[in-house]
Every structure is written in structure tokens, then in C-alpha cells.
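Below are the chains, spelled out letter by letter.
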Amino acid sequence: MDSDTNENYRCLIKHYQHKIGQLPSVAKHAEMVASNKLQAIKNEIGNINSAKLALQEQARKVRKLVRDTNKDELLIEEIGNAIRQGTFVKASNPVVLPDINSDKDADLIVCLSDIHYGAHVDIPENYYDTKVVARLMDLYAEKVIKLIDETGAQSVDIVNLGDIVEHAYMRNQNLYDSEETLSEQIVNVTRLIIEFIQRIRNHAEIITYRGIAGNHDRMQGDKNSNLNADHAVNISNRIIQMWIEVTGSDVQFVETDSYFAEIMLRGYHFAFVHGDRDNLSNKNTLAKVSENHDRHYDAVIGGHVHKFSMLEVGNNRYQVTFGSFKGMDDYSKRLGVSSSRSQGVVIVNDRGFEIRKIGLQ
Ligand SMILES: [Mn+2]
């Protein structure tokens, strides 16, 4: 029993305190009220402190944004270093005279798809590393040059369909044991693309280049990230533009949307997507892409599934997937969708167009 819980007992104590002159004076009582106020203020400060915590939370978010921005700056700096470390092929703009004894005439679209530079595959059916990429790009260039001679092509539009690197978003994690950093991968694959462009340029005078991004090129793992330009192909494109400018190449870089490109040749319209956002095995995709871009396409061409496929979805209208440089890996083997390495071209002349698979075995 105590004075806090028992009113009778409290009155008894007070009465006794009053009797012995120990009851607090009015002033003292006021002081006690004041100290309650102080407590209230302290409580308020406590509240302010928790408000401050919310502010701190905001501040933390701001600091993270700043850090991320610095990370981008760091990446740009790393890319600058990687560019300085190696040499790029020198541009040359030779005159390529057409064969006057030939009536051959064509335009070519040459696609580059799913290089996945930085991927390392070592299974009985396939070996793939960065050295293999270089060899395969040489082989592809040779085949394209042969095709230029065969068709008498004067112009070549090179279209990169994306997935130039294996894992762009790994920069958000710790870089695991990898031969090259992401920056080096982007720069080195771009170096190979530039060599490819220049080799083609040596055999045809009118060359254009454009590149769209694939799912592996995204810097953020989140595919809904609204940072649309935040992908490895964007950086690669800027390096190619820089190469054209610095070396005086007459190759024309064509700016496109990050995920879509189109080319019109001799009255035919071709659309290009990577294939992750537009499913090219769904026979309504050509109609959907045509609707979205307000143009009737003759073909919509992509990569992504790492195999050659062609689906006729209308009168001489096609949905096409070209194969990959990378070829078979454990993942595709498990899914049972393994297929050979290949790329693809479109040959356009006045008689029509032909979509052709180019094997890279
Ligand atoms: Mn891919």
C-alpha cells in the first residue's frame, strides 16, 4: 500500500506532512508544475527528434542519390580510362568503285545480336570467351564482305540488336571474379564493333550504324527502371559516335530510341527490337509493333532468344529472330532451346527482300 495508489492513504500522509510542516509551499508547487512543463517540452523535443529522424531518413535517401550519381561519374571515369588503355582502329574512307560490268545492285542490312561479351561458357558443346568473340566477329565480317561482292551492295546498314555485354547490372553488386570490369567490357566490345564497322566500310561506301539495348545491357536489374538511357549500348553508342568524330570516319551514326529502330529501303519497312519486350514468337507482334509506331512493317526483326526463326504472319510479312554470337550455354541446354551460333542479314533489291541467316560455325 502506498500514497500513489491509495487515496485515503495519500490524504493521511498529506495531513501528516501538513502537521509536521513538510507539505510543499505554493511556490514549490508552481515549480513542480513548471518541471512538468519541462517534461512536456522534453517530450516535444522527443517528437521533434523523431521528426528529425524522418528528415534524417530523407537525408539518407538524398545521400544515396548523390552516391549513385557519383557511381555514374565513377563509371564514366572508368570508361575514360579503359578507352585510354587500348587503341582503336584508325578510320579510313576508301572510294569503293562499283563493278561496271555487273548489273548487280542491292542494299544490305547487317544485324549484330547477342554478343554477350564477358560471358564465359565452357560446356562440351560450346566454348565461349572474349577471345572467341573477336574471332567470330572477324568471321562474320568476312561473310558479310563476301555477300557485298555477291550482291553488289553499295550501302550497308549495321543494326546492333542488343545484349552486347553479359551482365551490365552486376555493377550494383560486388564485381565477382571477372577477367574484365564492366567498363572494360563495354569499351572492348565496342572496340570490336568499330573494327567490324571499319572492315565493312573498306568494301562499301555508304555505311550506317545504330544500336538498341537488350535486357542484359541494362545497368539496373529492374526492368521497370525508368532510366531508359541507362544501358551499356547507350555508352557503346557514344563511344562509336566519338570514334567517328575523332577519326574523321564517314560512317553515319543513326540516333534511335533505346529499344526500337526502323529502316526504310526501296519501299520496304523494317522494324528492329531486341525481343524481350516484344515476343517475336507471338504472331500478333508485327501488328502490335506496326500499330504502336503507326507504320505497316514488312518485317520486325530481333534477337534475344539466341536462335534463328522466321514466322510469316501476313502476305510477305515476317517476324524474325536472329541467332547469337554466344551460342549454347547451360541455361539454353536446360530449357531445351539450344541452337547454333548465327547472325542474320536482309538483302534488299528492286525485286524484293530476302532475310538470310548467316551461320557462324
Ligand atoms: Mn541475349
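Residues numbered from 1 in each chain as written. Predicted model: local features only at pLDDT ≥ 70, side-chain atom pairs only at ≥ 80, totals over all residues.

In the annotation of an unreviewed UniProt entry, the protein is listed under the name Calcineurin-like phosphoesterase domain-containing protein and assigned to Limosilactobacillus mucosae LM1.

Draft legend 1. Structural context of the overall build of the protein. Helix and strand content of the protein: seven helices and 13 strands. Split into buried and exposed, the 361 residues of the protein put 36% on the buried side. Sequence-distant contacts, at least 24 apart, represent 69% of the contacts inside the protein between residues at least 6 apart. (Helix = DSSP H or I, 4+ residues; strand = E, 2+ residues; numbered from the N terminus. Buried ≥ 20, exposed ≤ 12 C-beta atoms within 10 Å, placed from the backbone. Contact = placed C-beta atoms within 7 Å.)

Draft legend 2. Representation of the pairing of strand 12 (residues 342–349) within the structure. The element strand 12 is extensively covered by neighbouring structure, given that six of its eight residues are classed as buried. Of the pairings in the sheet, the one linking strand 1 (residues 106–112) to strand 12 comprises five bridges and is antiparallel in character. Paired with L108 across the bridge in strand 12 is I347. Bridge analysis of strand 12 against strand 13 (residues 352–359) gives eight bridges, and the strand direction is antiparallel. Residue pairing in the sheet places N349 in a bridge with G352 of strand 13. Here strand 12 hands over to strand 13 after two residues, the two strands then running antiparallel side by side. (Pairing = 2+ DSSP bridges.)

Draft legend 3. Local environment of the environment of A134. Relative to the elements of secondary structure, A134 occurs in helix 3 (residues 130–151). We classify A134 as partly exposed; it has 16 C-beta atoms within 10 Å. In the structure, A134 is positioned 58 residues away from L192 in sequence and 6.6 Å away in space, judged by C-alpha atoms.

Draft legend 4. Fine view of unusual backbone geometry. Despite not being glycine, D114 shows a phi value in the positive range, around 55°. One can find D114 in the loop between strand 1 and strand 2 (121–123). A residue is classified by how many C-beta atoms lie within 10 Å of it, and D114, with 28 of them, is buried. Even without a glycine there, the phi angle at D163 is positive, about 60°. Tracing the chain through its elements places D163 in the loop between strand 4 (153–160) and helix 4 (182–201).

Draft legend 5. Expanded view of helix 1 (residues 7–20). With 14 residues, helix 1 should reach 20 Å at 1.5 Å per residue; the first-to-last C-alpha distance of 20 Å fits that figure. Within helix 1, only zero of the 14 residues are buried, which leaves it mostly out in the open. (Expected span 1.5 Å × (residues − 1).)

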